[in-house]
Amino acid sequence: MAVGKGVLSTCNYEARKFGCRSGMASFVAKKLCPQLICVAPNFDKYTAKATEIRAIFAEYDPLFESASIDEAYLNITPYCAENQKDPQEAIQEMRAAILEKTKISVSAGIAANAKLAKIASNRNKPNGQFFIPSDRAAIMDFMRDLPVRKVNGVGRVFERELDSMGIKTCGDIYPQRAYLTKLFGEKAFYFLMQCYLGLGRTRVQPVENYERKSVGTEATFHEIGGKEEIRAKLWTAAQELEKDLARAQVKGRTLVLKVKLHTFEVLTRQIAPPRAVMLAKDLYAFALPMLAKLEKEIPDLKLRLLGLRCTHLVSTKKVGIEFFGAAAVNQQRPTATIRQGNAGAEEAFETAAREELQEDMNELEQLSQEIADLPEPKPSESPSEDSPASPALHWDCPICSRPHPADDKVFNEHVDFCLSKQTIKEAVQAAPGEALPVLPKSRKRKPGSTTTPDPRQKRLFFT
DNA sequence: GCGGATCAG
DNA sequence: ATGGCTGATCCGC
């Protein structure tokens, strides 16, 4: 399978130039800086600038991929070959061209795949670029010290979960590999292994024929409790959704009601109406029973958010002859020219890395089996490369029950972490209000393991 | 398929 | 109380 790959580049325009996305809520910024002037966003302007910039991208890779209004992936391998420029030169020149022609500064990352390019693009912003050589050792070096949070897909929660088992950087993943599937599932394991190895997708293509999977709307408001008041919000949402569905030219075969209670707990309920819906009155009519049921289940229902969403969409677009004609022409474009396989060192790296991943997975499968075969799943001994005679290498944290390196200092630090203010706050927050309507459930845990802690336990420790 | 939860932009 | 909204995806059941 020849995958045309090489150096990918991701570009982000500088948000500051757009006057928004400072990374801080404006009401917070205003508090910190009362004389701050907030400029209202103007998406038409941003779209116009994005169009100008994309025209320049196209000169470097006509098949570039727009990731969002201010981000794109380019495969610049062919450009570099044809123009005999090295990747860093090419991107330097492209950024200069964009700045000159559009007055927008952009940052870029240059690396062997999309995941790395994205990370690299954040490295020298604003108005900078960062290059990761397409060399196995260089990539492994880069990943080893990279905080997992820097990887797209690792958010606040996953970061904390990984941290609690001693994984802070991508390099920390490998020694803990034996636990990952059990704790986070197969997909997460595969994802984390790719993080450790610095692997990512190398395919870059236009996303023209993207099909939306859902259309929804939701609104936050001041806490309301009256039945009529809530129905009024439902009607508003239904009208809003009708408009959005019309714009998207779709109907929904399922309808999802979403509410946020005064406790901040979020609930969703869905039904499949007998036929696809799109009109506000139908949306309202089919959502109402779900709402009524919730009111029954939760006495004194008080809401701070209500939303409606349609999924399992069916198109209401009229399809004429000329539409099919145009679509067929469009479809030929990407497939015809995208593969310009360039075998060589980079591809060898890719192959080697994938082989290693496969080996690791084989090894892990064995280890998982061995762990599964134990009478009690207690990961207190490391099944990995450490000396077999040594005592327990991991202790289970009494708070979160997760394995942690058996080192006094490290372990104590972790327990402190588990007992941190935040944890206590969550616990006492849950305590004073009487029983929660619906108890939060665990996620990402394989069933059957009786020793896996219920997250509620965290609260029980304190109440 | 349903409902909860996380993540990104 | 370090946001709100939209859409996608994953997980356990």
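Residues numbered from 1 in each chain as written. Chains lettered and ligands numbered in written order. Predicted model: local features only at pLDDT ≥ 70, side-chain atom pairs only at ≥ 80, totals over all residues. Heavy atoms only, no water.

1. Description of the overall build of chain A
Okay, so step 1: Helices and strands together make up the secondary structure of chain A, namely 17 helices and eleven strands.
Okay, so step 2: Within chain A, buried positions represent 38% of all 463 residues.
Okay, so step 3: Looking at chain A alone, contacts between residues at least 24 apart form 67% of all its contacts between residues at least 6 apart.
Okay, so step 4: With the model as given, the accessible surface of chain A reaches about 26,700 Å², and the carbon-plus-sulfur share is 55%. (Helix = DSSP H or I, 4+ residues; strand = E, 2+ residues; numbered from the N terminus. Buried < 20%, exposed > 50% of the residue type's maximum accessible area, 1.4 Å probe, protein only. Contact = heavy atoms within 4.5 Å. Areas by Shrake-Rupley, 256 points an atom, 1.4 Å probe, with all protein chains shown as cover.)

2. Thoughts on the sheet that holds strand S9 (residues 303-315)
Okay, so step 1: Taken together, the four strands give an open sheet; going across it, the order is S6-S9-S7-S8, and neighbouring strands pair in antiparallel fashion. Lying at the two open borders of the sheet, with one neighbouring strand each, are strand S6 (214-224) and strand S8 (266-271). Taking the axes of each pair of neighbouring strands and ignoring which way they run, one obtains an average angle of 20 degrees across the sheet.
Okay, so step 2: Alignment of strand S7 (residues 250-261) against S9, held across eleven bridges, turns out to be antiparallel. Within S9, the residue paired with Lys251 across the bridge is Val314.
Okay, so step 3: Lying over the sheet, helix H11 (residues 227-248) contacts S6, S7 and S9, oriented at roughly 155 degrees with respect to S6.
Okay, so step 4: Lying on the sheet, helix H12 (residues 280-297) is in contact with S7, S8 and S9; it crosses S7 at an angle near 30 degrees. (Pairing = 2+ DSSP bridges. Axes fitted to C-alpha atoms, helices over the stretch in contact; angles between N-to-C directions.)

3. Some points on the protein's contact with DNA strand B
Okay, so step 1: As a structural note, the neighbourhood of DNA strand B is formed by 19 residues, with Gly153, Val157, Phe158, Thr268 and Gln270 the closest of them.
Okay, so step 2: Near-protein atoms of DNA strand B (within 4 Å) split between backbone and bases, with sugar and phosphate holding 100%.
Okay, so step 3: Arg156 is positioned such that a nitrogen or oxygen atom in its backbone is 3.5 Å from a phosphate oxygen of DNA strand B.
Okay, so step 4: Put simply, the parts of the chain that give the surface near DNA strand B at least two residues each are helix H8 (156-163) and S8.
Okay, so step 5: Per element, the largest residue contribution to the surface near DNA strand B is four residues, and it comes from S8.
Okay, so step 6: Its residues assigned to classes, the surface near DNA strand B comprises six nonpolar, seven polar and six charged. (Near = heavy atom within 4 Å. Polar contact = N/O pair within 3.5 Å; in protein donor to acceptor, adjacent residues only side chain to side chain. Nonpolar A, V, L, I, M, F, W, Y, C, P; charged D, E, K, R; others polar.)

4. Details of the pairing of S9
Okay, so step 1: Where S6 meets S9, eight bridges bridge the pair, whose relative direction is antiparallel. Of the residues in S9, the one forming a bridge with Thr220 is Leu305.

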